[in-house]
Amino acid sequence: MEAVAATGLQPMAVKTCVSSPSRMFTSRAIISGSNLNVTKTRSDKSPSALSLQSLCVRYSPSSKHQRFTIRAMSEESEKMATYGLPIDLRGKRAFIAGVADDNGYGWAIAKALSAAGAEIIVGTWVPALNIFETSLRRGKFDESRRLPNGSLMEIVKVYPLDAVYDTPEDVPEDVKTNKRYAGSSKWTVKEVAESVRNDFGNIDILVHSLANGPEVTKPLLETSRKGYLAAISASSYSFVSLLQHFLPIINPGGASISLTYIASERTIPGYGGGMSSAKAALESDTKVLAFEAGRKGQVRVNTISAGPLGSRAAKAIGFIEKMIDYSYSNAPLQKELLADEVGYTAAFLVSPLASAVTGSVVYVDNGLNTMGLATDSPALAV
């Protein structure tokens, strides 16, 4: 079944009301020299067919032409006539924390949400803010901003953000006076949430794409308390803080997502400095936050366990290429994992299609999480 409607157009002629639940019928009108065809097909044998009692075209004579209203083409019936299950985020606003370049998961999520119609605002780590905004302004990201329909993703506003600090009072003096923070203000979590509220009112989607462990290259046995707590603070508590301060401005029915990694539940040698602990905490917090945010604000909370990606941030680990090769060799799906695939999953999770999904860890890793044995292990060689 197909329907085409025009708004504000004046037809020269139109057929009268047709009422038949079991026939195919066509109404045709000549509009400014063009043909408008409205065709509905009903088959009692087709479970997907739209049950339409009637298509009424009302008209009244006038001195020059007749006006018409296709009553069946209401907003609701237009939605019913749409094929498939589209992810429609039009009218939604998303705040994505942790976008500082164009090749990470945060960027891919922003693109996917934008392609689905959402308005995008981002929070960028203060020391990276100037480079990011300059690159955007000079068009360096234009190719990677391109959406499936050919348009470019628009980032409505970029906020400076350091999610390690909740309020201005938490910022130590050496950070306040650090030249990398010069020229930026109101970048603590509380201040950014207040700025977003003042600028936009409410949001519908909150994305946490933040992680940092200053001692990530150290084995856990060699990690200092300071390094361990820093990893927890930047990579997991930052999500708690973001949701705590943004929840009052997230519309009921909204959603929040974060990004985790399989090191939360499996040993990944080399992924140290307390980062594995931080990811485990993030996943545990996801379940608790899903309950609390769901009861308090009707907001869903999920996390995506994404496979390895060769982003700039991931290269700090030091062996990301080996992790990617290992995944390719041993995952059930032997293919490259694309950042877009994580973006698409995020778009689904924050959409109405996932309205009953909350407190979940969703794996997007070509199935690597299911494996208990490395298929390329020399021990398996005959």
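Here, every reference points to the structure presented above.
The structure reproduced in this document is the subject of the present report. In this numbering scheme, every chain counts its residues from 1 along its sequence in written order. The predicted nature of this model means local features are confined to residues of pLDDT at least 70 and side-chain atom pairs, given and counted, to a pLDDT of 80 or more, with totals for whole chains, interfaces and linings taken over all residues. Note: side-chain values were computed over all heavy atoms of the structure, leaving out hydrogens and water.

1. Some points on the pairing of strand β9 (residues 250-260)
Put simply, the rule is: The classification of residues rests on relative accessible area computed with a 1.4 Å probe and restricted to protein chains. Under 20% of the type maximum is buried, over 50% is exposed, and intermediate values are partly exposed. Only DSSP runs of H or I with at least four residues qualify as helices, and only runs of E with at least two residues qualify as strands; both kinds are numbered from the N terminus onward. Two strands pair if DSSP finds at least two bridges between them.
Of all eleven residues in β9, eight are buried; the element is thus mostly enclosed. In the sheet, strand β8 (residues 203-208) pairs with β9 via five bridges, with the strands oriented parallel. Note that in β9 the partner of Ile-203 across the bridge is Ile-250. Pairing of β9 with strand β10 (residues 300-306), which is carried by six bridges, proceeds in the parallel orientation. Counted as the bridge partner of Ser-258 is Thr-303 from β10.

2. Brief notes about the environment of Gly-274
As a reminder of what qualifies: We call two residues in contact whenever any of their non-hydrogen atoms come within 4.5 Å of each other.
Positionally, Gly-274 belongs in the loop between β9 and α7 (275-297). Classification of Gly-274 by relative accessible area gives buried; the value is 1%. Between the C-alpha atoms of Gly-274 and Tyr-228, which are 46 residues apart in sequence, the distance is 4.7 Å. Non-local contacts of Gly-274, meaning those with residues more than four positions away in its chain, are made with Leu-220, Thr-223, Tyr-228 and Ala-231.

3. A word on α7
What counts is decided by this rule: One axis is fitted to the seven residues ending at the residue and one to the seven starting there. The bend at that residue is the angle between these axes.
In α7, a bend of some 25° at Val-288 exceeds every other bend along the element. Looking at α7, one finds that the buried residues are Met-275, Ser-277, Ala-278, Lys-279, Leu-282, Glu-283, Thr-286, Leu-289, Ala-290, Ala-293 and Gly-297. Contact partners of the buried residues in α7: α6 (225-246), β9, β10 and β11 (361-364). Trailing α7 by a residue or two, Gln-298 shows a phi angle of about 55°, which is positive.

4. Concerning α6
Inclusion rule: Here the expected length of a helix is defined as 1.5 Å per residue gap, with one fewer gap than residues.
When the terminal C-alpha atoms of α6 are compared, their 29 Å separation across 22 residues agrees well with the 32 Å that a helix rising 1.5 Å per residue should span. The axis of α6 is deflected most strongly, by about 45°, at Tyr-237.

5. Quick look at the side chain of Asp-166
The following threshold applies: Only four residue types enter the tally: Lys and Arg on the positive side, Asp and Glu on the negative side; His and the chain ends are excluded. By definition here, a salt bridge exists when the distance from a side-chain nitrogen of Lys or Arg to a carboxyl oxygen of Asp or Glu is within 4 Å. Any pair of nitrogen or oxygen atoms within 3.5 Å is treated as a polar contact; in protein, a donor-acceptor pairing is required on top of that, and neighbouring residues in sequence qualify only through side-chain atoms on both sides.
Within the secondary structure, Asp-166 is located in the loop between β7 (155-161) and α4 (173-176). Buried charge without a salt bridge: Asp-166, with Lys-190 as the nearest opposite-charge side chain at an N-O distance of 11 Å. At 2.6 Å, the side chain of Asp-166 forms a polar contact with the side chain of Ser-241. Not counting residues within four places of it along the chain, the set of residues in contact with Asp-166 comprises Thr-188, Val-189, Lys-190, Tyr-237, Ser-241 and His-245.

6. Description of the packing of α6 against α7
Spelled out, the test is: Lines fitted to the C-alpha atoms define the axes, with helices restricted to the stretch that makes contact. Angles between their N-to-C directions range from 0 to 180 degrees. By the definition adopted for this analysis, an angle is roughly parallel if under 35 degrees, roughly antiparallel if over 145, roughly perpendicular if from 65 to 115, and oblique otherwise. Whether a crossing is left-handed or right-handed is set by the direction in which the near helix is turned from the far one by less than a right angle, anticlockwise for left-handed and clockwise for right-handed. Each residue gets one of three labels, nonpolar for Ala, Val, Leu, Ile, Met, Phe, Trp, Tyr, Cys and Pro, charged for Asp, Glu, Lys and Arg, and polar for the others, Gly among them.
Two elements in contact, α6 and α7, have axes separated by 9 Å at closest approach and are oriented at 15°. As far as their axial angle goes, α7 and α6 are roughly parallel. Along this stretch, α6 crosses α7, giving a crossing that reads as right-handed. Of the residues in α7, those in contact with Tyr-228, Ala-231, Ile-232, Ser-235, Ser-236, Phe-239, Val-240 and Leu-243 of α6 are Met-275, Ser-277, Ala-278, Ala-281, Leu-282, Asp-285, Thr-286, Leu-289 and Ala-293. By residue class, the composition of the contact of α6 with α7 is twelve nonpolar, four polar and one charged.

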